[in-house]
Amino acid sequence: MVSYVYRFEKVLTIREQEKNETEMAYKESVRSFEEIATRLYELLKKKEDLIAFQQERLTIGSSIDEIHHYSRFIDSLEKTIADVQQKVIQARAKMNWHEEKLLEKNLEVRKFEKMREKDLKLFQQEQDRIESLFLDEISLQTYNKREIR
């Protein structure tokens, strides 16, 4: 009996490795995006809390220096928020790019797996045909031996 060897096995193995590497890069980009997005959320929450605190301080009365201090702090926070928003946009774009690459790699691997399935089926059919011919030959020889006696 002949064992089956897929002619593109090495190519499939390489494609699977590429897919795994791409998947790891995608997961890392998702982690990075989530980290940056969480930082943005925390900054926005901090700004919201600070504005609420400042409003509360205004109702009970605060000094001009205190108002200026909070105002400068909020301005600084807004600049940081704008910077982090840009980083979120970049991280999202990177994550989407890695996701597209992962989909492409999955598709490539799937194509090679489908080709292997079809090739294996053809191989098995050919093996069945050869086995059938072999059995026919044996039965013919057995029949001829009986006839000769």
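Reading guide: rules and limits
All chains use their own residue numbering, which begins from 1 and follows the written sequence. Local features in this predicted model are restricted to residues whose pLDDT is 70 or higher, and side-chain atom pairs enter the listing and the counts only when it is 80 or higher, whereas totals over whole chains, interfaces and linings include all residues. With hydrogens and water excluded, all non-hydrogen atoms of the structure serve as input to the side-chain values. Two aromatic rings from Phe, Tyr or Trp, using only the six-membered ring of Trp, form a pair when their centres are within 6.5 Å; if the ring planes differ by under 30 degrees the pair is stacked, by over 60 it is edge-to-face, and anything between is tilted. We count a stretch as a helix when DSSP gives it H or I for four or more residues in a row; a strand needs E for two or more, and each element gets its number in order from the N terminus. Classification of residues uses two cut-offs on accessible area relative to the type maximum, computed with a 1.4 Å probe and protein chains only: under 20% is buried, over 50% is exposed, and between them is partly exposed. By definition, a salt bridge exists where a carboxyl oxygen of Asp or Glu is found within 4 Å of a side-chain nitrogen of Lys or Arg. Orientation is described by lines fitted to C-alpha atoms, with helices fitted over the stretch in contact, and by angles between N-to-C directions that extend from 0 to 180 degrees. Should an angle fall under 35 degrees it is called roughly parallel, over 145 degrees roughly antiparallel, and 65 to 115 degrees roughly perpendicular, with every other angle called oblique. We call a crossing left-handed when the near helix sits turned anticlockwise from the far one by less than a right angle, and right-handed when that turn is clockwise. Under the scheme applied, nonpolar residues are Ala, Val, Leu, Ile, Met, Phe, Trp, Tyr, Cys and Pro; charged residues are Asp, Glu, Lys and Arg; polar residues are all the others, including Gly. Here a helix's expected span is defined as the number of its residues, less one, multiplied by 1.5 Å. Note on definitions: a residue-residue contact is assigned when non-hydrogen atoms from the two residues lie within 4.5 Å.

Caption draft 1: Here's a closer look at the packing of aromatic side chains. Per the stated rule, a full pass over the model turns up 4 aromatic pairs. Centre to centre, the rings of F8 and F112 are 6.2 Å apart; their planes meet at 70°, and the pair counts as edge-to-face. One end of the pair, F8, is in the segment before helix 1 (9–60); the other, F112, is in helix 2 (residues 64–148), and 104 residues separate them in sequence. In this structure F112 comes out as buried when scored by relative accessible area, which is 16%. When the centroid spacing of 5.5 Å and the interplanar angle of 75° are considered together, the rings of F53 and Y70 count as edge-to-face. One end of the pair, F53, is in helix 1; the other, Y70, is in helix 2, with 17 residues separating them in the sequence. By relative accessible area, F53 is classed as partly exposed at 33%. One aromatic cluster is present, built from ring pairs that chain together Y6, F8 and F112.

Caption draft 2: Layout of the pattern of salt bridges. The tally for this structure, following the rule as stated, stands at 16 salt bridges. In this structure, the salt-bridge partner of E35 is R31, at a minimum N-O distance of 2.6 Å. You can see E35 and its partner R31 sitting in helix 1, 4 residues apart, about one turn around the helix. Ionic pairing is found between K47 and E78, a salt bridge with its closest N-O pair at 3.0 Å.

Caption draft 3: Structural context of the packing of helix 1 against helix 2. Viewed as axis vectors pointing N to C, helix 1 and helix 2 meet at an angle of 160°, and their least axial separation amounts to 7 Å. Taken as axis vectors, helix 1 and helix 2 run roughly antiparallel relative to one another. Judged by the sense of rotation from one axis to the other, the crossing of helix 1 with helix 2 is left-handed. Looking at the contact of helix 1 with helix 2, its residues break down into 28 nonpolar, 8 polar and 21 charged.

Caption draft 4: Up close: helix 1. Taking 1.5 Å of rise per residue, 52 residues should cover 76 Å, and helix 1 covers 76 Å from first to last C-alpha, within 8% of that figure. Packed against the buried residues of helix 1 are helix 2. Looking one or two residues past helix 1, G61 carries a phi angle of roughly 100°, positive in sign.

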